[in-house]
Amino acid sequence: MGNVFTMLLIASVLIMALCYGLRVPMLYLFGASDATIVYAEGYLRIYLFGVLFSMIVTGMNGFISALGFPRTAMWTTIIGAALNLILDPVFIFGLSMGVEGAALATVISQCVSAVWVMHFLIAGKTGITLKIRYMKLKRRTVTGVLGLGVSGFMQQATNCLVQIVCNVTLQNYGGDLYVGIMTIINSVREMASLPVTGISSGGQPVLGYNYGAKKPERVKEGIRFMAVTGIVYTAFMWLVIEAFPAAFIRIFSSDAQTIALGARALRIYFMGFVFMSLQFMGQSTFVGLGRAKSAVFFSILRKVVIVVPLTMLLPMLMGLGTDGVFLAEPVSNLVGGLACFVTMYFTVYRRL
């Protein structure tokens, strides 16, 4: 815990310094245009000062869950989100700060959540206290943490890479309107994916514990539970989104053109949503059983090897244009998800 805290502090300083100095070219790289750069830069300039708080919340909250206090960990998120909801309209409208107000509200909310996390860990309510003497980095601890964490890192890093490619391609074929639609779709995907993420994250320690205890049947039971619940849930969400796509777009925009074009794009994007659960479950099993290399491989396979080339190629084929960008996701879910899950089944499940 001490070593992770030190690593988070170092990473926060490096990320904030690098991103602040390169924020304008980075925003253009991520798909900003001359019309939107003033808003994006205004937000990012303030938000970057909250990187440390964000890293503490994201990185240290996991220890609260691991120590047996998942409700306390849940409150970390609830406190930050609720405070952000309250402060956003105050700063944006009440104080007329616009996007800068939204950024400031986020930074303050993350700061409060970070204080909540640190107070819990320093107070020693769990029997394990975060102390300065444990913060000196040890090579064995650092390499162990990085070895298991690289899978999650690669999954998020490849998501960022895909987002850059999608935004740039959409900017070329559809302009700011379609970049905005992709932002909305990503928000819908994040909301729809949360239960799957919760199931897979909750399953990892269960699988790992029983695997270490040499109880293969319980490991297999855990894999079956994750697979069935994940498939049932994603299939249900796919049907709901396919039936009412405009309703999800309206959550984020009231513009008629955005709703019409966004509903069509959302339907295309979510066609292979059920197969995404197979990717989550396969990778969670690999990570839970200590097979980080396999998890990293399938993260790279789906995002870098499949999604990125398809995002660039499909818009040029058969006049697909922007539809090709949204079609790349379901194709990658089908191919990558099946490849990950089938490999896990034959190399892990069948051998237990």
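Below is a summary of the structure that appears in this document. The structure presented is a predicted model; accordingly, all values stated were derived computationally and were not measured.

In this section: helix α9 (residues 216-243). For α9, with 28 residues, the first-to-last C-alpha span of 41 Å sits near the 40 Å given by 1.5 Å per residue. Buried within α9 we find V219, K220, G222, I223, M226, A227, G230, Y233, T234, M237, I241 and E242.

Moving on to the nonpolar core. In this structure, I241, L266, F270 and F326 are the most contacted members of the largest nonpolar core, which totals 52 residues. Among the secondary structure elements, those contributing two or more residues to this core are α7 (139-173), α8 (176-212), α9, α10 (245-250), α11 (256-269), α12 (273-288), α13 (292-313) and α14 (322-349). Counting 15 residues, the second largest nonpolar core, distinct from the first, contains I64, F120, L121 and M135.

Counted by the stated rule, this structure contains seven salt bridges. Residues E41 and R45 are paired through a salt bridge, measuring 2.8 Å at the closest nitrogen-oxygen approach. Residue E41 and its partner R45 are located together in helix α3 (residues 37-47), separated by four residues, close to a single helical turn. On the basis of relative accessible area, R45 is assigned to the partly exposed category, the value being 27%. E100 is the partner of R45 in a salt bridge, and the nearest nitrogen-oxygen pair spans 3.9 Å. Placement of the pair is R45 in helix α3 and E100 in helix α6 (residues 98-123), with a sequence separation of 55 residues. E100 gets classed as partly exposed once you look at its relative accessible area, which sits at 25%.

Residue position: N210 is located in helix α8. A distance of 2.8 Å separates a polar atom in the side chain of N210 from the backbone oxygen of V206. Residues contacting N210, with those up to four places away along its chain left out, are K215, R218 and V219.

As a further point, take the packing of aromatic side chains. Aromatic rings considered in pairs are described by the distance between their centres and by the relative angle of their planes. Counted under the stated rule, the structure contains ten aromatic pairs. Seen from their ring centres, Y178 and F326 are 6.4 Å apart, and the 40° between their planes marks the pair as tilted. A residue pair is termed long-range when its members are at least 10 positions apart, and Y178 in helix α8 and F326 in helix α14 qualify at 148 residues. Per residue, the accessibility class of Y178 equals that of F326, and both read buried. Put simply, the rings of Y269, F270 and F273 pair up and form one aromatic cluster. Above the ring of Y20, the side-chain terminus of R23 is found at 4.3 Å from the ring centroid. The ring of Y349 is capped by K220, whose NZ or CZ atom sits 4.9 Å from the centre of that ring.

Although it is not a glycine, S96 adopts a positive phi angle of roughly 55°. Along the chain, the position of S96 falls in the loop between α5 (70-94) and α6. Phi is positive for K214, close to 60°, though the residue is something other than glycine. Within the secondary structure, K214 is located in the loop between α8 and α9. On the accessibility criterion, K214 (71% relative accessible area) is exposed.

Here we come to the packing of α7 against α13. Running from amino to carboxyl end, α7 crosses α13 at an angle of 5°, the nearest separation of the two axes being 8 Å. In terms of orientation, α7 lies roughly parallel with respect to α13. Packed against α7, whose contacting residues are G147, V150, S151, M154, Q155, T158, N159, L161, V162, V165, C166 and T169, the element α13 presents A292, A295, V296, S299, I300, K303, V304, V307, V308, T311 and M312 at the interface. The residue makeup of the contact of α7 with α13, split by class, is 14 nonpolar, eight polar and one charged.

What counts and what doesn't
- What you see as residue numbers is a count from 1 along each chain, following the sequence as written.
- With pLDDT at 70 or above as the cut-off, local features in this predicted model cover only qualifying residues; side-chain atom pairs require 80 or more to be listed or tallied, and sums for whole chains, interfaces and linings still use all residues.
- Excluded from the side-chain calculation are hydrogens and water; included are all heavy atoms of the structure.
- Strands are runs of DSSP state E lasting at least 2 residues, helices are runs of H or I lasting at least 4, and numbering of each runs from the N terminus.
- Expected helix span is computed as 1.5 Å times (number of residues minus one).
- The buried label applies to any residue whose accessible area, calculated with a 1.4 Å probe on protein chains only, is under 20% of its type's maximum; exposed applies above 50%, and partly exposed to all values in between.
- Nonpolar cores were defined as sets of buried Ala, Val, Leu, Ile, Met, Phe, Trp, Tyr and Cys residues, with membership established by side-chain atoms within 4.5 Å.
- A carboxyl oxygen of Asp or Glu within 4 Å of a side-chain nitrogen of Lys or Arg is what we treat as a salt bridge.
- Any pair of N or O atoms that falls within 3.5 Å is considered a polar contact. Within protein, one atom must be able to donate a hydrogen and the other to accept it, and sequence-neighbouring residues count only if both atoms are side-chain atoms.
- When checking whether two residues touch, look at their non-hydrogen atoms; a contact exists if any pair is within 4.5 Å.
- A pair of aromatic rings is counted whenever rings of Phe, Tyr or Trp (Trp by its six-membered ring) have centres within 6.5 Å, and the orientation is called stacked for planes under 30 degrees apart, edge-to-face for over 60 and tilted otherwise.
- Sitting over a ring, as applied to charges here, requires NZ of Lys or CZ of Arg to be within 6 Å of the ring centre and within 35 degrees of the ring normal.
- Only C-alpha atoms enter the line fits that serve as axes; for helices the fit covers just the stretch in contact. Angles between N-to-C directions range over 0 to 180 degrees.
- An angle below 35 degrees is read as roughly parallel, one above 145 as roughly antiparallel, one from 65 to 115 as roughly perpendicular, and any other as oblique.
- Each residue gets one label: Ala, Val, Leu, Ile, Met, Phe, Trp, Tyr, Cys and Pro are nonpolar, Asp, Glu, Lys and Arg are charged, and the others, such as Gly, are polar.

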